[in-house]
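# Coordinate inspection notes
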Amino acid sequence: MFDATVRDGVCQCRHAGARWLVTGWDGGYRDADAAYNVTVPDGFDRTDLADFRDERLRAVGFEDPGPALLTGVSMAHARCASAGPVTALATAGVSNPAALPVDPASSESPAAGRADDCPSDWRPGTVNLVVGAERALADGTLAELLATCVEAKAATLSDLAGVPGTTSDAVAVGCVPDADPVDFAGSATDVGGRARACVRDAVRASFASRYAEAEPPNSVADAEYGVVTDRETDVWNPADAD
């Protein structure tokens, strides 16, 4: 089982010999015993993110190197859900929602905030996920698990907050190469189905904790920062192309 430990704003998710696929600045495929979810301070503006990660891990005494996700959400709101071989950890904040109207032509499109318009003490909310499956997954299957988890996150947030995500969401999915192998991790598989349920329940629990005493924004217009993807595209049929 993947273990989770929180120390002073840093959450370590650990399993010896794990292999990870991570989105974002610290992303890609990685072999590491641990992955991390790290709260950034108010007014965070550092660009040396790897140095920041290493400083925070040293400060709290985590010795295992590994990829890290960053968030403005306090680790006091981190929540885990487990089902069989799968464990999911989530931190959920939606101060920077990213709305995607299905019909952009008919949607209300408030002006999207810009990073340089934000107050100096603003911290992006971010929905971060760290999901571990105690199974051996090939690289393609690990990517399939990541897609399954992102889909579950989007479905859950759409129900909770009316948006599929925020402008800075990140995901880390892990497996154990020397465990029992599985070939697929989509929604109809045992691992994928468990991951979907774990992501749903971890996101719901973290969201409820984060907004226990404050209302989440009702729209991008009400949020501190956010975007509405309302641009139009050219849709075409590849069968018509020569």
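The numbering scheme is per chain: residues are counted from 1 as the chain's sequence reads. With the structure being a predicted model, the display of local features is reserved for residues of pLDDT at least 70 and the display and counting of side-chain atom pairs for 80 or more, all residues being used for whole-chain, interface and lining totals. Heavy atoms from the whole structure form the basis of all side-chain values; hydrogens and water molecules are not counted.

- The name given to the chain in an unreviewed UniProt entry is Adenosylcobinamide hydrolase, with the source organism recorded as Halomicrobium zhouii.

### Observations regarding the overall build of the chain
- Here a strand is any run of E in DSSP of at least two residues, a helix any run of H or I of at least four, and the numbering for each starts at the N terminus. For the chain, the helix and strand inventory stands at 3 helices and 12 strands.
- Throughout, the radius of gyration refers to the C-alpha atoms, and the reference size of a globule is 2.2 Å times the residue count to the power 0.38. Scaling as 2.2 N^0.38, a compact globule of 242 residues should have a C-alpha radius of gyration of about 18 Å, and the chain matches this with 18 Å.
- Counting only C-alpha atoms and orienting by the principal axes, one finds that the chain spans roughly 50 × 50 × 35 Å.
- Any residue under 20% of the maximum accessible area for its type is buried, any over 50% is exposed, and the rest in between are partly exposed; the area is computed with a 1.4 Å probe on protein chains only. Looking at the 242 residues of the chain, the share that counts as buried comes to 45%.
- Any two residues whose heavy atoms approach within 4.5 Å at even a single point are treated as in contact. Put simply, 79% of the contacts in the chain that link residues at least 6 apart link residues at least 24 apart.
- Working definition of accessibility: Shrake-Rupley area with a 1.4 Å probe, residue cover restricted to the visible protein chains. For the chain, the computed accessible surface area is about 12000 Å², with 47% contributed by carbon and sulfur atoms.

### Structural notes on the state of the cysteines
- Put simply, a disulfide is two cysteine sulfurs that come within 2.5 Å. All chains considered together, the criterion is met by 0 disulfides.
- Left without a disulfide partner, C149 is nearest to the cysteine sulfur of C198, which lies 8.8 Å away.
- Residue C198 is classed as buried on the basis of its relative accessible area, which comes to 2%.

### Focus: the sheet that holds strand β1 (residues 3-7)
- When DSSP finds two or more bridges between two strands, those strands count as paired. Across the sheet, 4 strands lie side by side as β1-β2-β5-β6; this open sheet has mixed pairing. The strands lining the two open edges of the sheet, one partner per strand, are β1 and β6 (68-71). Strand-to-strand twist across the sheet, computed as the mean angle between neighbouring axes with direction ignored, equals 15°.
- When β1 meets strand β2 (residues 10-14), the two strands line up antiparallel, connected through 5 bridges. Under this scheme, a helix contributes an axis fitted over its contacting stretch, all axes are lines through C-alpha atoms, and angles between N-to-C directions fall in the 0 to 180 degree range.

### What about the confidence of the model for the chain?
- You can read pLDDT as the predictor saying how much it trusts each residue, on a scale of 0 to 100. Averaged over the chain, the pLDDT score is 91; the fraction of residues at 70 or greater is 92%.
- Every residue in residues 109-123 scores below 50 in pLDDT, and together they form 26 contacts with partners more than four places removed in sequence or on other chains.

### What about the pattern of salt bridges?
- Every case where a carboxyl oxygen of Asp or Glu lies within 4 Å of a side-chain nitrogen of Lys or Arg is listed as a salt bridge. Going through the model one piece at a time under the given rule, you end up with 13 salt bridges.
- D31 is the salt-bridge partner of R19, the closest N and O atoms lying 2.9 Å from each other. Of the two residues, R19 sits in strand β3 (residues 19-22) while D31 sits in strand β4 (residues 28-31), which places them 12 residues apart along the sequence.
- Measuring nitrogen to oxygen at the nearest pair gives 3.0 Å for the salt bridge that ties R19 to D139. In this pair, R19 sits in strand β3 while D139 sits in helix α2 (residues 139-161), placing the two residues 120 residues apart along the sequence.

### Let's talk about the pairing of strand β8 (residues 86-92)
- Counted residue by residue, β8 has 7 buried out of 7 residues, so it is predominantly covered.
- Every second residue of β8 is oriented toward a common face, with V86, A88, A90 and A92 on one face and T87, L89 and T91 on the other, all of them buried.
- Taken together, the 5 bridges between strand β7 (residues 79-83) and β8 define a ladder with antiparallel strand orientation. Counted as the bridge partner of A83 is V86 from β8.

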